[in-house]
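# Structural overview for review
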Amino acid sequence: PPDPARIRVLRGHQLPVTCLVISPDDKFIFSASKDGSLIKCKWEVDSGKRLCVVPGGKKGTEERHMGHASQVLCMAISSDGKYLATGDRNKLIMIWDAATCKRLHIFTGHRDAVSGLSFRKGTHQLYSASHDRCVKVWDVAENAYMETLFGHQDVITGLDSLSRECCVTAGGRDGTVRLWKIPEESQLVFSGHQGSIDCIQLINEEHMVSGADDGSLALWGLTKKKPLALARQAHGEQDAQGLQQPYWISAVAALRSSDLLATGSHSGSVKLWKCGEGFRKLEHLLDIPLVGFVNSLKFSAAGDFLVAGIGQEHRLGRWWRIKEAKNSICIIPLKRKTTSSSPESPGSS
């Protein structure tokens, strides 16, 4: 387990942090929050310094000033670190130059809040998901809209992709996870959660993980319609107005191409999990104490730290408020067990 004293807290957002990404070289974190200010803050990972802030504005002024004018719900960075995309409640997707924080373009076309964004790895193709129940495909380098995919019966709450020409989405209360094959314009439908599916992430090209507000965490193989493994009440239960209810899973993260997962809720801790034999088991490893709604989780590419976006409220709504939580970004160092008995070399994480 990480030493709680070594968890670094970056403060700067006035309202709950809703989303964050880490640059591909692990040097910068970009984050955004409900205050609309895209603190397209490059935070520098080493120093914790805030390198730039793009202030938000009033609705309808997006053309005149740089930032968003409503809550930013999602963001993605291209695998070459060149472009950053952000999506807001006001149906807009903004494309930024990640190095200079300059806005390059605004994509319009969704009819409701933009809730998920992902660049296809190795390309500048962008997938977006929305509360309007559809997925759109864009070519960011050409500033071009490509196509729209339909199928979900409820708002889409999250989206992810890797190098294949496909993406996966979480369909909220329609209870399905979907895999969209873009060239074939086809989709595979997966079901297994009881509640609203709020977050999703690919682990590798064959497996993915999703979390729901019924407290369950599901591990999927892309060839099977039902979960390979399911952890019910993964973060335990809470006593809400005398009723026992599971803690919602509000964020999931996978260290790509490994067997390590992280989940967030408002249960007071982030949990780390191991995918057991052949991705057919979920084994709980350890808890990292963190107070607040964990609205976003990302592993660094090298796997030596985990970043959590924390808020007093859930990313998508205002059902509860945790007053003692700090709206912040937490950088959690991950130690690897040394296999040999020799003392740790200075370069090891």
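As a reminder, the structure under discussion sits directly above these lines.
Residues numbered from 1 in each chain as written. Predicted model: local features only at pLDDT ≥ 70, side-chain atom pairs only at ≥ 80, totals over all residues. Heavy atoms only, no water.

## Observations regarding the overall build of the protein chain
Regarding its fold elements, the protein chain presents 0 helices and 29 strands. A globule of 349 residues ought to have a C-alpha radius of gyration of about 20 Å, and the protein chain, at 19 Å, matches this closely. For the C-alpha atoms alone, the extent of the protein chain along its principal axes is close to 55 × 45 × 45 Å. For the protein chain, buried positions account for 60% of its 349 residues. Put simply, of all contacts in the protein chain between residues at least 6 apart along the chain, 47% involve residues at least 24 apart. Entry remark: accessible area of the protein chain is about 14,700 Å², with carbon and sulfur atoms responsible for 48%. (Helix = DSSP H or I, 4+ residues; strand = E, 2+ residues; numbered from the N terminus. Rg over C-alpha atoms; globule rule 2.2 N^0.38 Å. Buried < 20%, exposed > 50% of the residue type's maximum accessible area, 1.4 Å probe, protein only. Contact = heavy atoms within 4.5 Å. Areas by Shrake-Rupley, 256 points an atom, 1.4 Å probe, with all protein chains shown as cover.)

## Some details on the side chain of Thr 263
Structurally, Thr 263 is set in strand β24 (residues 260-264). With relative accessibility at 0%, the residue Thr 263 sits in the buried group. A distance of 2.9 Å separates the side chain of Thr 263 from the side chain of Trp 273, its partner in a polar contact. Ignoring anything within four residues of it in the chain, the contact list for Thr 263 reads Leu 217, His 235, Ile 249, Ala 251, Val 252, Ser 269, Val 270, Lys 271, Trp 273 and Leu 297. (Polar contact = N/O pair within 3.5 Å; in protein donor to acceptor, adjacent residues only side chain to side chain.)

## Section: the sheet that holds strand β19 (residues 217-221)
Judged by pairing direction, the sheet is antiparallel, and its 4 strands sit side by side in the order β17-β18-β19-β20 without closing on themselves. Here the strands that pair on one side only, and so sit at the sheet edges, are β17 (197-202) and β20 (229-231). Averaged over all adjacent pairs, the angle separating strand axes in this sheet is 15°, with direction ignored. Taken together, the 5 bridges between β17 and strand β18 (residues 207-212) define a ladder with antiparallel strand orientation. Opposite Gln 201, over in β18, you have Val 209 as the bridge partner. (Pairing = 2+ DSSP bridges. Axes fitted to C-alpha atoms, helices over the stretch in contact; angles between N-to-C directions.)

## A look at the pattern of salt bridges
Any two side chains of opposite charge can pair, on the condition that their charged atoms come close. By the definition in use, this model includes 9 salt bridges. In this structure, Arg 178 engages Asp 174 in a salt bridge whose closest nitrogen and oxygen atoms are separated by 4.0 Å. Judged by its relative accessible area of 8%, Arg 178 is buried. Accessibility expressed as a relative area gives 18% for Asp 174, which makes it buried. Through salt bridges with shared partners, a single ionic network connects Lys 34, Glu 313 and Arg 321. (Salt bridge = Lys/Arg side-chain N within 4 Å of Asp/Glu carboxyl O.)

## A look at the packing of aromatic side chains
A full pass over the atoms with the stated rule returns 3 aromatic pairs. Pairing Phe 107 with Trp 138 gives two aromatic rings, centres 4.5 Å apart and planes at 20°, and the pair type is stacked. Of the two residues, Phe 107 sits in strand β8 (residues 102-107) while Trp 138 sits in strand β11 (residues 134-139), which places them 31 residues apart along the sequence. Relative to Tyr 145, the ring of Trp 138 has its centre 5.5 Å away and its plane inclined at 70°; by these criteria the two rings are edge-to-face. By the ring-pair criterion, three or more aromatic residues cluster together here, those being Phe 107, Trp 138 and Tyr 145. (Phe/Tyr/Trp six-rings, centres within 6.5 Å; stacked < 30°, edge-to-face > 60°.)

## So, the nonpolar core
Counting residues in hydrophobic clusters, the biggest one holds 20 residues, and the most contacted among them are Leu 272, Leu 297, Phe 299 and Leu 306. Looking at this core, the elements that each hand over two or more residues are β23 (251-254), β24, β25 (269-275), β26 (282-289), β27 (293-299), β28 (305-311) and β29 (328-333). Every residue in contact with Leu 272, bar those within four places of it in the chain, is listed here: Leu 260, Leu 261, Ala 262, Glu 283, His 284, Leu 285, Leu 286, Ile 288, Phe 299, Leu 306 and Leu 334. One finds Ile 203, Ala 231, Leu 261 and Trp 273 within the second-largest nonpolar core, a separate group that totals 17 residues. (Core = buried A, V, L, I, M, F, W, Y, C linked by side-chain atoms within 4.5 Å.)

## So, the pairing of β18
Counting buried positions over the 6 residues of β18 gives 6, a clear majority of the element. Of the two faces of β18, both are covered, the one formed by His 207, Val 209 and Gly 211 as well as the one formed by Met 208, Ser 210 and Ala 212. Connecting β17 to the antiparallel partner β18 that follows it, the hairpin turn spans 4 residues. Pairing between β18 and β19: 5 bridges, direction antiparallel. Among the inter-strand pairings, Gly 211 is bridged to a residue of β19, identified as Leu 217.

## Comments concerning the sheet that holds β23
With antiparallel pairing, the 4 strands of this open sheet are ordered in space as β23-β24-β25-β26. Every interior strand has two partners, whereas the edge strands, β23 and β26, have only one. Put simply, the sheet's adjacent strands are angled 20° from each other on average, direction ignored. As paired elements, β23 and β24 share 4 bridges and run antiparallel to each other. Residue Ala 251 lies in a different strand from β24, and its bridge partner there is Gly 264.

## A look at the environment of Asp 25
Examined against the element boundaries, Asp 25 turns out to sit in the loop between β2 (17-22) and β3 (28-33). A C-alpha to C-alpha distance of 9.0 Å links Asp 25 and Asp 80, two positions 55 residues apart in sequence. Side chain to side chain, Asp 25 and Ser 23 meet in a polar contact 2.6 Å long. Within the structure, Asp 25 has its side chain in polar contact with the backbone nitrogen of Lys 27 (distance 3.0 Å).

## Structural notes on the state of the cysteines
In this structure the tally under the stated criterion is 1 disulfide. The side chain of Cys 52 participates in a disulfide bridge whose partner is Cys 101; the two sulfur atoms lie 2.1 Å from each other. Where Cys 52 bonds to Cys 101 through sulfur, the torsion about that S-S bond is close to -75°, and the disulfide is left-handed. Placement of Cys 52 in the loop between β4 (43-44) and β5 (72-77) and of Cys 101 in the loop between β7 (93-97) and β8 is noted, with a sequence separation of 49 residues between them. Cys 101 shares its class with Cys 52; the two are buried. Among the cysteines around Cys 19, which has no disulfide bond, Cys 74 carries the closest sulfur, lying 6.3 Å off. As a non-bridged cysteine, Cys 134 has Cys 167 as the owner of its nearest cysteine sulfur, 11 Å distant. Judged by relative accessible area, Cys 134 falls into the buried class, the value being 0%. (Disulfide = S-S within 2.5 Å.)

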